[in-house]
Amino acid sequence: MRPQNRRGGRRRNVAKRRPDPFRGQDVIYIDYKESKFLERFTNDQGKILPRRLTGLSAKNQRRVVEAIKRSRYMAFMPFVGEGLK
């Protein structure tokens, strides 16, 4: 018999949330020039990871996405991952 949740449906395999790297810090600006730091928030294809996987708050997720897009435009980060070139 398969495990079920309270409502009687099947449990989903949900990815474990990462801890918020900005927790406890008063972050005002995320620097788009720190490409190594911003690569933590993209997958191997170069796609931006969603909030539920990064563990960021909504405000910090918006700041990270803006920094990644600026970094791509200024050519600090690639638009596409290495395996897809």
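Cut-offs applied
- Residues numbered from 1 in each chain as written.
- Predicted model: local features only at pLDDT ≥ 70, side-chain atom pairs only at ≥ 80, totals over all residues.
- Heavy atoms only, no water.
- Salt bridge = Lys/Arg side-chain N within 4 Å of Asp/Glu carboxyl O.
- Buried < 20%, exposed > 50% of the residue type's maximum accessible area, 1.4 Å probe, protein only.
- Helix = DSSP H or I, 4+ residues; strand = E, 2+ residues; numbered from the N terminus.
- Expected span 1.5 Å × (residues − 1).
- Arc of directions from axis to C-beta.
- Contact = heavy atoms within 4.5 Å.

**Student:** What is the right way to read the pattern of salt bridges from this model?
**Tutor:** Taken as a whole and assessed by the stated rule, the structure comprises two salt bridges. Taking the shortest distance from any N to any O, the salt bridge between K33 and D31 comes out at 3.9 Å. Here D31 falls in the partly exposed class, since its relative accessible area comes to 22%. Salt-bridge contacts for E66 lead to R70; the nearest nitrogen and oxygen are separated by 2.7 Å. Of this pair, E66 and R70 both sit in helix α3 (residues 58–73), four residues apart, which is roughly one turn of the helix.

**Student:** What's the story with α3 in this structure? I'm lost.
**Tutor:** Residues spaced three or four apart along an α-helix face the same direction, because each turn holds 3.6 residues. An ideal rise of 1.5 Å per residue puts 22 Å on 16 residues; α3 measures up with 23 Å between its terminal C-alpha atoms. Those residues of α3 lying buried are N60, Q61, V64, A67, I68, S71 and R72. For α3, the buried positions fall inside an angular range of 135° around the axis, keeping them on one side. What points out from α3, more than 90 degrees from its buried face, is the exposed set R62, K69 and Y73. Contact partners of the buried residues in α3: α1 (35–38) and α2 (51–54). Looking one or two places after α3, you find A75, whose phi comes out positive at around 70°.

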